[in-house]
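Report on the structure
Residue-level listing of the chains:
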Amino acid sequence: MTTVAVIMAMLVAVMLSGVLVRLLPLAIPLPFIQIGLGFLIAAVFQRGVLIEPDIFFLLFLPPLLFLDGWRVSKVAVLRDASSIAQLALGLVFLTVAAVGYLIHWMIPAVPLPVAFAIAAIVSPTDPVALEAISHRVRIPGRMRTILEGEALFNDASGLVAFRIAAAAALTGAFSWAEAIGSFLWLAIAGIVVGMVITWLLMGTRARLTRRFGAEPGSDVLLSLITPFFVYYVAEQIGASGILAAVAAGITMSYAEMSGRLAAATRVERHAVWNLLQFTLNGMMFVLLGEQLPTLIDNLSSAASESGAQHLYWLPVYGLAVCAGLIACRLLWVTVSLKIAALRARRLGRTTIAPHPRLILAMALAGVRGAVTLAGVMTLPFALLDGSPFPARDLAICLAALVILFSLLLASLGLPPLMKGLEVPSSERDRREQATLHRTRLQAALKGVREAAAQFGQASPADAALYRDVAERVSLELRREACAYGDPEASAPPDARDLYIERQLRLQAVAAARQAIYQLARRHQISDSLAREQVMLLDMEEARIRASH
């Protein structure tokens, strides 16, 4: 079976997984169906696509992390920056220490540096796995924001800790100064590269568009190329390509708020990125399933490296590591909430204690994905003296088991934990919604009045008709905003009437869109809410233009 045929089989598997998840009588999570189909591809055809870490990181991570950075609510992330930083940094380092010692104590044959390397590579959560799980479970908005922010930024700390631990196992030396300097360079340089390159690309596109006009296909293609480019440049200078891709997505989101992009381009780009996200997410789990036959073949080697006499000890070790990860998250989240509540009381603010089920859900929601498996496969095969790297097969086996167990526990545990748990929207969310609808309606009504006056002056013979149609459009806008009831019935409009109504409606959509962008630029509403509403306006504009 050729490589092209294997890739086509993977695409078909992703397509079928979306159908099977609805046809099967049991509520099997989509990632497990995709993993199973990947296993079938590798087992039946005796060939699969083995993960090449460098290629995997380059092809899959940049677009997915870029998209997550693009679509995540920056206002919400800034509001919960302290919680996200604690999870993305403090929790990772706690996990490396605690789970590393747990592995070394449980399996003495694993040297302590190697145990720290295993703990480091399983410490970061996976945004792709989180996205897959969240489709089946209603996760409250703030909890989802914190989990997404953690998954976006903890890859850097986890991978840095993994590289340092692997280097210590390889050379037998460790330096705190070198470790801290390496982390700061990877993080700061990666973020700067992503922001600067994306800003330059967007500025160049804007200047070319003003001078020569816009081509939707080129704009969509530029958004697809950007994450790969910033990732490659960051990796070439030794910075974090992961953080560069995330920073590029965040920068793209702010550049988008200029409102200069055509509505047709935004609709087309949205559709392309949704398709790409579904395809890459699915292929990552199919690819994970294709590794299972190879991992099964190496179980005997992994068992011998652990000193176990029977293979069944391996899943026991994997489950113990997964339990250690959940315990670290549970402890960290509980202590963080206690400290936050104490600080709030000292400042005289009232706090509402989160439900215990929410705290346990936060612990279970730290799912791991294919990034963990790809990272652990970068462990060297041999030490500097030529001897085999200790417990390499065992490390890969444990990482794969942790991925499967974390997905399974989250899929089985989160639905009952979140069932019937009402999480009221915050006062800020309600204010944002009220501000959005009020400002949108006012801007649309103003746009209709100004357009009717402008077009009426240009065509005096139709001035009265413009005023009549403007009044009808205004009444319909108010009705849609639930401010007034249905307008009075009127005679069917003629062709000229329809043309004028179309012009006014387009003007109302444009004015409402600019008002929403202005609110987002001032941080009066979140950019995720603005993007959602602008997408609705874009579709409305496309509908109006198509009806002409």
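Residues numbered from 1 in each chain as written. Predicted model: local features only at pLDDT ≥ 70, side-chain atom pairs only at ≥ 80, totals over all residues. Heavy atoms only, no water.

The name recorded for the protein chain in an unreviewed UniProt entry is Na+/H+ antiporter, from Bordetella trematum. Recorded in UniProt under Sequence similarities (unreviewed entry), the annotation for the protein chain is "Belongs to the monovalent cation:proton antiporter 1 (CPA1) transporter (TC 2.A.36) family." Under the heading Function (unreviewed entry), UniProt records this for the protein chain: "Na(+)/H(+) antiporter that extrudes sodium in exchange for external protons." (UniProt positions renumbered as here; feature names shortened; annotations may be inferred.)

When helices and strands are tallied, the protein chain shows 23 helices and 0 strands. Per-residue burial over the protein chain gives 49% buried out of 548 residues. Partitioning the intrachain contacts of the protein chain with sequence separation of at least 6 by distance along the chain shows that 84% fall at a separation of at least 24. (Helix = DSSP H or I, 4+ residues; strand = E, 2+ residues; numbered from the N terminus. Buried < 20%, exposed > 50% of the residue type's maximum accessible area, 1.4 Å probe, protein only. Contact = heavy atoms within 4.5 Å.)

In the structure shown here, the tally under the stated rule is 7 salt bridges. Put simply, Asp219 and Arg205 hold a salt bridge, and the shortest N to O gap is 3.9 Å. With Asp219 in helix α11 (residues 216-236) and Arg205 in helix α10 (residues 176-212), this pair connects stretches of sequence that are 14 residues apart. Here Asp219 and Arg205 have matching classes, each one buried. As a salt-bridge pair, Arg513 and Asp538 come within 3.1 Å of each other at their nearest N and O atoms. Here Arg513 is found in helix α22 (residues 495-521), whereas its partner Asp538 is found in helix α23 (residues 527-546), with 25 residues between them in sequence. The same class applies to Arg513 as to Asp538, namely buried. Residues joined in a network through salt bridges with shared partners are Arg513, Asp538 and Glu541. (Salt bridge = Lys/Arg side-chain N within 4 Å of Asp/Glu carboxyl O.)

Another point: unusual backbone geometry. Even without glycine at this site, Ala391 takes up a positive phi of about 60°. Counting through the fold element by element, Ala391 comes out in the loop between α18 (370-376) and α19 (392-418). Positive phi outside glycine occurs at His523, with the angle close to 60°. Among the structural elements, His523 can be located in the loop between α22 and α23.

A few words now on the packing of helix α6 (residues 81-106) against helix α16 (residues 313-346). One can describe the packing of α6 onto α16 by two numbers: an axis separation of 9 Å at closest approach and a directional angle of 140°. Crossing angle aside, the handedness with which α6 passes α16 is right-handed. Contacts from Gln86, Leu87, Gly90, Leu91, Leu94, Thr95, Ala98, Val99, Leu102, Ile103 and Met106 of α6 reach α16 at Tyr317, Ala320, Val321, Gly324, Leu325, Cys328, Arg329, Trp332, Val333 and Ser336. Looking at the contact of α6 with α16, its residues break down into 15 nonpolar, 5 polar and 1 charged. (Axes fitted to C-alpha atoms, helices over the stretch in contact; angles between N-to-C directions. Left-handed = near helix turned anticlockwise from the far one by under 90°. Nonpolar A, V, L, I, M, F, W, Y, C, P; charged D, E, K, R; others polar.)

On to helix α15 (residues 299-306), then. Of the positions making up α15, those classed as buried are Ala302, Ala303 and Ser306. Burial along α15 is one-sided: seen end-on, the buried residues are contained in an arc of 100°. On its buried side, α15 packs onto α16 and α19. Positive phi appears at Gly307, one or two residues downstream of α15, with a value of about 85°. (Arc of directions from axis to C-beta.)

Time to look at the environment of Ala255. Position of Ala255 among the secondary structure elements: in helix α12 (residues 241-256). Residue class for Ala255 comes out buried when judged on its relative accessible area of 17%. Sequence separation of Ala255 and Met202 is 53 residues, and the distance between their C-alpha atoms is 7.0 Å. Those residues in contact with Ala255, other than ones at most four positions away along the chain, are Trp199 and Met202.

Here the focus is a positive patch on the surface. Judged by side-chain charge, Arg207, Arg210, Arg260, Arg521 and Arg522 come together as a positively charged surface patch. Along the chain, the position of Arg210 falls in helix α10. (Patch = residues over 30% accessible without salt bridge, like charges linked within 9 Å, V, L, I, M, F, W, Y side chains within 5 Å. Areas by Shrake-Rupley, 256 points an atom, 1.4 Å probe, with all protein chains shown as cover. Lys, Arg positive; Asp, Glu negative; His and termini not counted. Charge placed at Lys NZ, Arg CZ, Asp CG, Glu CD.)

To continue, consider α12. Between its first and last C-alpha atoms α12 spans 22 Å; for 16 residues at 1.5 Å apiece the expected length is 22 Å, and the two agree. Of all 16 residues that make up α12, 14 are buried, and the element is covered over most of its length. (Expected span 1.5 Å × (residues − 1).)

Attention shifts here to the environment of Ala206. Examined against the element boundaries, Ala206 turns out to sit in helix α10. Residue class for Ala206 comes out buried when judged on its relative accessible area of 10%. With 54 residues separating them along the chain, Ala206 and Arg260 place their C-alpha atoms 7.8 Å apart.

Moving on, we come to the packing of aromatic side chains. In total, this model carries 6 aromatic pairs according to the counting rule given. Ring geometry for Trp70 versus Trp273: centroids 5.9 Å apart, planes at 80°, classification edge-to-face. Placement of the pair is Trp70 in helix α4 (residues 61-71) and Trp273 in helix α13 (residues 263-290), with a sequence separation of 203 residues. With a centroid separation of 5.3 Å and 90° between ring planes, the pair formed by Tyr101 and Phe116 is classed as edge-to-face. Within this pair, whereas Tyr101 is found in helix α6, its partner Phe116 is found in helix α7 (residues 112-122), the two being separated by 15 residues in sequence. (Phe/Tyr/Trp six-rings, centres within 6.5 Å; stacked < 30°, edge-to-face > 60°.)

So, about the nonpolar core. Counting 109 residues, the largest nonpolar core has Phe56, Val110, Met143, Leu373 and Val376 as its most contacted members. No other element matches the 16 residues that α19 contributes to this core. Dropping the residues within four chain positions of it, Leu373 is found in contact with Ile51, Leu288, Gln291, Ile396, Ala400 and Ile403. Listed in part, the 29 residues of the second largest apolar core include Val473, Leu477, Leu504 and Ala530. (Core = buried A, V, L, I, M, F, W, Y, C linked by side-chain atoms within 4.5 Å.)

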